[in-house]
Amino acid sequence: MNSGRYTGEYALEIYRQEFVKDAEFIPVELGGGEGTANSHWDEPWPGGSSDLMTGYLGPYPITLSDTTIASFADIGYLTTVTHAVSEASTVWLFLLSIGLVARRHRQRSDVGCLTEMSSMKT
């Protein structure tokens, strides 16, 4: 559905605290093609165009709003919302941690495959 409105419980509550007190939705980008449309905050949203969840990164430094963090909680991630982050290095640390978690998961999968293969030989 291309409504341009995000109404996830956690993100909407934080958006109300952070930006628009009586908001009924968070504006979602409808332009920009398949990878951007209906997947990112709308560029002119109150969090600014430098937020990580807008469809086009920049201007720098990249920011990570509490609303963005809360949107990850809406889709099942465990999060802690404390304050908006404005240092680009913190955003990159966040992205690195996601990569490390994925790598660890892949390594565990590889170990499981090796264990299965060695038990088949015996």
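Now for a look at the structure at hand. (Residues numbered from 1 in each chain as written. Predicted model: local features only at pLDDT ≥ 70, side-chain atom pairs only at ≥ 80, totals over all residues. Heavy atoms only, no water.)

For the rest of this paragraph, the subject is the overall build of the protein. Each helix and strand in the protein was counted, giving three helices and two strands. Sorting the 122 residues of the protein into buried and exposed places 30% on the buried side. Residue pairs in contact within the protein that sit at least 24 positions apart in sequence constitute 37% of those at least 6 positions apart. Per element, the accessible surface of the protein, about 8,300 Å² overall, is 58% carbon and sulfur. (Helix = DSSP H or I, 4+ residues; strand = E, 2+ residues; numbered from the N terminus. Buried < 20%, exposed > 50% of the residue type's maximum accessible area, 1.4 Å probe, protein only. Contact = heavy atoms within 4.5 Å. Areas by Shrake-Rupley, 256 points an atom, 1.4 Å probe, with all protein chains shown as cover.)

Right, let's get into the environment of Gly48. Note that Gly48 resides in the loop between β2 (26-27) and α2 (66-74). Judged by relative accessible area, which is 22%, Gly48 ranks as partly exposed. For Gly48 and Gly58, which are ten residues apart along the polypeptide, the C-alpha to C-alpha distance reads 9.6 Å. In contact with Gly48, other than residues within four places in its own chain, are Glu43 and Thr54.

Our focus in this paragraph is the side chain of Glu29. Here Glu29 shows up in the loop between β2 and α2. Lacking a salt bridge, the buried Glu29 has Arg5 as its closest oppositely charged neighbour, with an N-O distance of 14 Å. In terms of polar contacts, Glu29 uses its side chain to reach the backbone amide nitrogen of Glu43, at 3.3 Å. Beyond its immediate sequence surroundings of up to four residues, Glu29 is in contact with Thr36, Ala37, Asn38, Ser39, His40, Trp41, Asp42, Glu43 and Tyr56. (Lys, Arg positive; Asp, Glu negative; His and termini not counted. Salt bridge = Lys/Arg side-chain N within 4 Å of Asp/Glu carboxyl O. Polar contact = N/O pair within 3.5 Å; in protein donor to acceptor, adjacent residues only side chain to side chain.)

This brings us to the nonpolar core. In this structure, Ala11, Leu12, Ile14, Tyr15, Ala23, Ile26, Val28, Trp41, Trp45, Met53 and Ala70 together form the largest nonpolar core, which totals eleven residues. Element by element, the count of residues in this core is highest for helix α1 (residues 9-18), at four residues. (Core = buried A, V, L, I, M, F, W, Y, C linked by side-chain atoms within 4.5 Å.)

Here we come to the packing of aromatic side chains. Using the criterion set out here, one finds six aromatic pairs in the structure. Centre to centre, the rings of Tyr6 and Trp41 are 5.5 Å apart; their planes meet at 65°, and the pair counts as edge-to-face. Of this pair, Tyr6 sits in strand β1 (residues 5-6) while Trp41 sits in the loop between β2 and α2, and the two are 35 residues apart along the sequence. A relative accessible area of 22% means that Tyr6 is categorised as partly exposed. Taking relative accessible area as the criterion, Trp41 reaches 4% and is therefore assigned buried. With centroids separated by 5.7 Å and ring planes inclined at 55°, the aromatic side chains of Tyr15 and Phe19 adopt a geometry described as tilted. Classification of Phe19 by relative accessible area gives partly exposed; the value is 29%. An aromatic cluster is defined as three or more aromatic residues linked by ring pairs; in this entry it consists of Tyr6, Tyr15, Phe19, Trp41 and Trp45. (Phe/Tyr/Trp six-rings, centres within 6.5 Å; stacked < 30°, edge-to-face > 60°.)

Further remarks concern α1. Buried within α1 we find Ala11, Leu12, Ile14 and Tyr15. Each buried residue of α1 sits inside an arc of 165° when the element is viewed along its axis, so together they form one side. Exposed and oriented more than 90 degrees from the buried face of α1 are Glu9 and Gln17. Of the surrounding secondary structure, the elements contacted by the buried residues of α1 are β1, β2 and α2. (Arc of directions from axis to C-beta.)

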